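Each chain, written out:
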Amino acid sequence: GGGGGTQGITVDLGTPQAELWLSDPTYTLVGSVSATDCVTQVLVNGSAPQTRSGMFTPSVTFSSTVTVPTSDGTPFPVLVEATGCGGQTASAQVVLRVDLVAPVVTLDGVSGSGVHIVTSNPYRLTGTIEDAFVAGAMLNGQALALVPGATQGAWRFVADVSLERAVEREVVISAWDL
């Protein structure tokens, strides 16, 4: 996650977690390396970062633009390795994930949007939200409880909707992922 090091050298990635969820595949990693003597090398996934400041001094800052190659939530590790003037080494890693795939909401027994005539009150609404990384769901602005479905990435919900006779009622289900 945030940093690591041994023998008089440390790497700090300035990230609060070891894993970051992003909404954009391009991420600028900013960090620093501190050594008791001096820093001779900084590598981000095996390559020199785009910017470095303070090389061959005890404190180096760097930044590197990283492009996550997938947008389906697959983990993409970013490893920062540093070497000090005395040969000491340190490393730190952060895992980046980009999820641009929206959750899919399916209602049982209801085809498409529009007006549907119902005969029970309250009307029991059931369905599935499919997304590998679903974070939450709402029904008309209220939290919707989700339980794991039969397949991985499928989440079931049940909600009773109160109705009035001969009155249309809009029902909006929204779901979001990480």
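Read on for an overview of the structure. Because the structure is a prediction, the values reported are computed rather than measured.

About the cut-offs
Residues numbered from 1 in each chain as written. Predicted model: local features only at pLDDT ≥ 70, side-chain atom pairs only at ≥ 80, totals over all residues. Heavy atoms only, no water. Pairing = 2+ DSSP bridges. Helix = DSSP H or I, 4+ residues; strand = E, 2+ residues; numbered from the N terminus. Core = buried A, V, L, I, M, F, W, Y, C linked by side-chain atoms within 4.5 Å. Buried < 20%, exposed > 50% of the residue type's maximum accessible area, 1.4 Å probe, protein only.

### Description of the sheet that holds strand 16 (residues 173-177)
And step 1. Spatially, 13-12-16 is the arrangement adopted by the three strands of the open sheet, whose pairing is antiparallel. Here the strands that pair on one side only, and so sit at the sheet edges, are strand 13 (142-143) and strand 16.
And step 2. In this structure, strand 12 (residues 134-139) lies alongside strand 16, joined through five bridges in antiparallel fashion. Directly across from Gly136, in strand 16, lies its bridge partner Trp176.

### Focus: the nonpolar core
It is characteristic of soluble globular proteins that their nonpolar side chains tend to be buried jointly.
And step 1. Within the largest apolar cluster, 25 residues are counted, with the highest numbers of intra-cluster contacts made by Val11, Leu13, Leu29, Val33, Val78, Val80 and Leu96.
And step 2. Per element, the largest residue contribution to this core is five residues, and it comes from strand 9 (residues 89-98).
And step 3. Counting ten residues, the second largest nonpolar core, distinct from the first, contains Leu125, Ala137, Leu139 and Leu144.

### Looking at the sheet that holds strand 10 (residues 104-107)
And step 1. Overall, antiparallel pairing links the four strands, which are arranged 10-11-15-14 in an open sheet. In this open sheet, the two strands that pair with only one neighbour each are strand 10 and strand 14 (147-148).

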